[in-house]
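# Summary of the model geometry
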Amino acid sequence: MKKKISLILIMLFISVIISGCSSDISKLSKKLELVFPEIEHSQITNTHGGFHGDGKMLMKIVFKDKTLATQLEGKWSKMPLSKNLSIAVYGLEDNNETIYSLVKTEDEQNFIPKIENGYYYFYDRNSESSNPNNDNDLFTRCSYNFSVAIYDCENKTLYYADIDT
C-alpha cells in the first residue's frame, strides 16, 4: 500500500513538472505567434519573483525538425544580431572582462551560443520605449525589460530570454 502511494505521488510530481514546462512552452508559442513543431527536449530556468518581479526566464527548445525556419522567414530578422543586441546577449570584452552581457545563466555563462545561420526577434518592454522592436535605446536607461529570441537553423534550437531588471 505504501509503495502504491509513493508511486502515485512520484507520478503526480512528474506530471506537474512536465505540465509546467509545457505550459511555459505553449505560452511562448502564442507570445511569438508561432506553431512549434514537435519538440525533442527543452530546458527552462526562471528566476523572476525578485524585487518588483526582477529576474530572467531562459528557455532552450530543441525541435525534431527544421520546419520552424519557414515560419520565421520575413517575420523575424536574419542573423547577425544588431550591435546592441550582440552586446546584450554575448557581452563586450574590455580588459579581459565581459561587460553588459545580460543573457547569462546563474553561473555567469552565456546562455545563447554564437549563431551565424538563424533568425532573431527582439521586443523592448521598457516603459520608456518608443518603438518596442527597435534596440537603439537599450543601453540609455537605468533598467532592462526586454525579450529576445534566437533560432539556430543548423541545430533546430530556439533560445528565448525575458530579462527584467
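Our subject is the structure listed above.
Residues numbered from 1 in each chain as written. Predicted model: local features only at pLDDT ≥ 70, side-chain atom pairs only at ≥ 80, totals over all residues. Heavy atoms only, no water.

## Things to note about the overall build of the chain
The following threshold applies: For the purposes of this entry, the term helix denotes a DSSP run of H or I that reaches at least four residues, the term strand denotes a run of E that reaches at least two, and both are numbered from the N terminus. Relative accessibility thresholds used throughout: buried, under 20% of the residue-type maximum; exposed, over 50%; partly exposed, between the two (1.4 Å probe, protein chains only). Contacts are assigned to residue pairs that have any heavy atoms within 4.5 Å of one another.
Broken down by element type, the chain carries three helices and eight strands. When the helices and strands of the chain are listed from N to C terminus, the series reads α-β-β-α-β-α-β-β-β-β-β. Counting the 165 residues in the chain, one finds 38% classified as buried. Expressed as a percentage of contacts within the chain between residues at least 6 apart in sequence, the contacts between residues at least 24 apart total 60%.

## Regarding the pattern of salt bridges
The criterion, for reference: Salt bridge, as used here, is a side-chain nitrogen of Lys or Arg placed within 4 Å of a carboxyl oxygen of Asp or Glu.
In the structure shown here, the tally under the stated rule is five salt bridges. For Lys31, the salt bridge goes to Asp162, with nearest N and O atoms at 3.2 Å. In this pair, Lys31 sits in helix α1 (residues 2–31) while Asp162 sits in strand β8 (residues 157–164), placing the two residues 131 residues apart along the sequence. Measuring nitrogen to oxygen at the nearest pair gives 3.2 Å for the salt bridge that ties Lys64 to Glu38. With Lys64 in the loop between β2 (55–63) and α2 (68–72) and Glu38 in the loop between α1 and β1 (39–46), this pair connects stretches of sequence that are 26 residues apart. Look at Lys64 and you get partly exposed, because its relative accessible area is 44%. The exposed category is assigned to Glu38, whose relative accessible area is 51%.

## Looking at the packing of aromatic side chains
Rules: Pairing of aromatic rings covers Phe, Tyr and Trp, the last counted by its six-membered ring, and requires centre-to-centre distances within 6.5 Å; plane angles under 30 degrees mean stacked, over 60 mean edge-to-face, and any other angle means tilted. Two limits define a charge over a ring: the Lys NZ or Arg CZ must be within 6 Å of the ring centre, and within 35 degrees of the ring normal.
Per the stated rule, a full pass over the model turns up five aromatic pairs. Aromatic side chains Phe111 and Tyr159 sit 5.9 Å apart centroid to centroid with 85 degrees between the ring planes, which places their arrangement in the edge-to-face category. Within this pair, whereas Phe111 is found in the loop between β5 (97–99) and β6 (118–124), its partner Tyr159 is found in strand β8, the two being separated by 48 residues in sequence. For Phe111, a relative accessible area of 9% corresponds to the buried category. Above the face of the Tyr119 ring, Lys78 is positioned so that its terminal group lies 4.7 Å from the ring centre. Across the ring face of Tyr90, the terminal group of Lys114 is positioned such that the distance to the ring centre comes to 4.5 Å.

## A look at the side chain of Ser147
What counts is decided by this rule: Any pair of nitrogen or oxygen atoms within 3.5 Å is treated as a polar contact; in protein, a donor-acceptor pairing is required on top of that, and neighbouring residues in sequence qualify only through side-chain atoms on both sides.
Relative to the assigned elements, Ser147 resides in strand β7 (residues 145–152). On the accessibility criterion, Ser147 (0% relative accessible area) is buried. There is a polar contact of 2.3 Å between the side chain of Ser147 and the side chain of Asp162.

## With respect to the nonpolar core
Note the threshold: Residue types Ala, Val, Leu, Ile, Met, Phe, Trp, Tyr and Cys, when buried and joined through side-chain atoms within 4.5 Å, form a set referred to as a nonpolar core.
Counting 22 residues, the largest nonpolar core has Leu81, Val89, Val103, Ile112, Phe146 and Ile150 as the members making the most contacts within it. Every element with two or more residues in this core is listed here: α3 (83–90), β6, β7 and β8. With four residues, the top contributor of residues to this core is α3. The contact partners of Ile150, leaving out residues within four places of it in the chain, are Met79, Leu81, Val89, Tyr90, Ile112, Ile115, Tyr119, Tyr120, Thr157, Leu158 and Tyr159.

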